[in-house]
Amino acid sequence: QVQLVESGGGLVQAGGSLRLSCAASTRTFSSYAMGWFRQAPGKEREFVAAIAWGGGATNYADSVKGRFTASRDNAKNTVYLQMNSLKPEDTAVYYCAAKLPLSGNYAYWGQGTQVTVSS
């Protein structure tokens, strides 16, 4: 069983920054591709960013390109999401997720961490 725990959320003003962390319990963390998703009140969960097992390939939603950066430290079993130039519309619960590279779906999800951006 893979356990994912997000941290680093909080309340920030527009234009500020936060760095989210996601720690994984699995001993085979480097085998997984990792993703970040978010869900705002009344909206569906949406894709934010993804990073390959080796950390060399990343993908971002258009809404966060140029502002958010995903990275990972396999030695620490941790993936990060650096969020800069935050906007009120970034307010959501942020989730990390994991999947094996050949799998079509993310099989493991964290509990989420709240990010609130005030205007």
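To start, this report covers the structure provided alongside it. (Residues numbered from 1 in each chain as written. Predicted model: local features only at pLDDT ≥ 70, side-chain atom pairs only at ≥ 80, totals over all residues. Heavy atoms only, no water.)

1. A short note on the environment of S63
Condition: What counts as a helix is a DSSP run of H or I of at least four residues, what counts as a strand is a run of E of at least two, and both are numbered from the N terminus. Exposure categories follow from relative accessible area, calculated using a 1.4 Å probe and restricted to protein chains: below 20% of the type maximum is buried, above 50% is exposed, and the middle band is partly exposed. By the criterion applied in these results, polar contacts are pairs of N or O atoms within 3.5 Å in which, for protein atoms, one can donate a hydrogen and the other can accept it, and in which residues neighboring in sequence qualify only through two side-chain atoms.
In this structure, S63 sits in the loop between β6 (58-60) and β7 (68-73). Given the relative accessible area of 38%, S63 is considered partly exposed. Here the alpha-carbon distance between S63 and V115, two residues 52 residues apart in the chain, equals 16 Å. Engagement of the side chain of S63 in a polar contact is seen with the side chain of R38, the distance being 3.4 Å.

2. Structural notes on the pairing of strand β5 (residues 46-51)
Put simply, the rule reads: The rule for pairing is simple: two strands pair if DSSP sees at least two bridges between them.
Two elements, strand β4 (residues 33-39) and β5, share five bridges in a ladder whose sense is antiparallel. Across the sheet, the residue bridging to R38 is E46, located in β5. Hairpin connection of β4 to β5: six residues between the antiparallel strands, including G42 at a positive phi of 75 degrees. As paired strands, β5 and β6 are joined by three bridges and run antiparallel to one another. Each residue of the ladder has a partner; that of I51, found in β6, is T58.

3. What to know about the environment of G10
Filter applied, for reference: In what follows, residue pairs with any heavy atoms lying within 4.5 Å of each other are defined as contacts.
Relative to the elements of secondary structure, G10 occurs in strand β2 (residues 10-13). Remark: the alpha-carbon pair of G10 and T91, spanning 81 residues in sequence, is separated by 9.9 Å. For G10, the residues in contact, after removing those within four places along its chain, are L18, Q114, V115 and T116.

4. Section: the pattern of salt bridges
Which entries qualify depends on this criterion: In the sections that follow, a salt bridge refers to a side-chain nitrogen of Lys or Arg positioned within 4 Å of a carboxyl oxygen of Asp or Glu.
In the structure shown here, the tally under the stated rule is four salt bridges. Among the salt bridges present, the one from R38 reaches E46, with a minimum N-O distance of 2.7 Å. Among the salt bridges present, the one from D90 reaches R67, with a minimum N-O distance of 2.8 Å. Here the residue D90 occupies a position in the loop between β8 (78-83) and β9 (92-99), and R67 occupies one in the loop between β6 and β7, the gap between them amounting to 23 residues. Each of the two residues, D90 as well as R67, counts as buried. Each of R38, E46, R67 and D90 takes part in salt bridges that share partners, so that together they form one network.

5. Let's talk about unusual backbone geometry
Look at N77: it is not a glycine, yet its phi comes out positive at around 55 degrees. The backbone of S85 shows a phi angle near 50 degrees, a positive value even though the residue is not glycine. Structurally, S85 can be placed in the loop between β8 and β9. Judged by its relative accessible area of 41%, S85 is partly exposed.

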